[in-house]
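Structural overview
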Amino acid sequence: ERLMASRQEEYQDTHDTQLVKRAVIDGATSGNNTLVAAVTGKKIRVLALFVTMTGTAVTIRFEDGADGTALTGQMGPTAGQTIVLPFNPVGWFETSDATLLNMELSGGQSVDGSLVYIEA
């Protein structure tokens, strides 16, 4: 046990701590919806996420910046369906340095949820 505790302390001492952050997803605008603002010199890496939508069908895609490069394919949940990306320690997707995380919607329906991310 003592050796294991020593190795854990060594690991923690030699690796940067990355603070987990959370963001609310509240999109209702067709087109660009900023989820997390850009951070100078940092990428936004999404570790977990859930979204649900109301109304008629909508297409959801996560992007590297507004009108940016696709980070995911287009997802088309039906009304009331929830999309869940469970915790992934290496992340599901990430933006480029100093680029905001965007959610592009194909319609004006409400898409709501939350995400967990780190600045890498």
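Heads up: the structure comes first, above all this text.
The notes below deal with the structure included here. Computed from a predicted structure; not experimentally measured.

Counting across every chain of the model gives five salt bridges. Here E119 ties to K21 by a salt bridge, and the two come within 3.1 Å at their closest N and O atoms. Here E119, found in strand β9 (residues 111–119), pairs with K21, found in strand β1 (residues 21–27); they are 98 residues apart in sequence, far enough to count as distant. Between E94 and R45 there is a salt bridge, with its nearest N and O atoms 2.7 Å apart.

Spatially, four strands are ordered β2-β8-β4-β5 in an open sheet, and the strand pairing comes out antiparallel. Edge strands, defined here as strands with exactly one partner in the open sheet, are β2 (31–36) and β5 (69–70). Across five bridges, the pairing between β2 and strand β8 (residues 101–105) is antiparallel. Counted as the bridge partner of N32 is E104 from β8.

Cut-offs used in this document
Residues numbered from 1 in each chain as written. Predicted model: local features only at pLDDT ≥ 70, side-chain atom pairs only at ≥ 80, totals over all residues. Heavy atoms only, no water. Salt bridge = Lys/Arg side-chain N within 4 Å of Asp/Glu carboxyl O. Helix = DSSP H or I, 4+ residues; strand = E, 2+ residues; numbered from the N terminus. Pairing = 2+ DSSP bridges.

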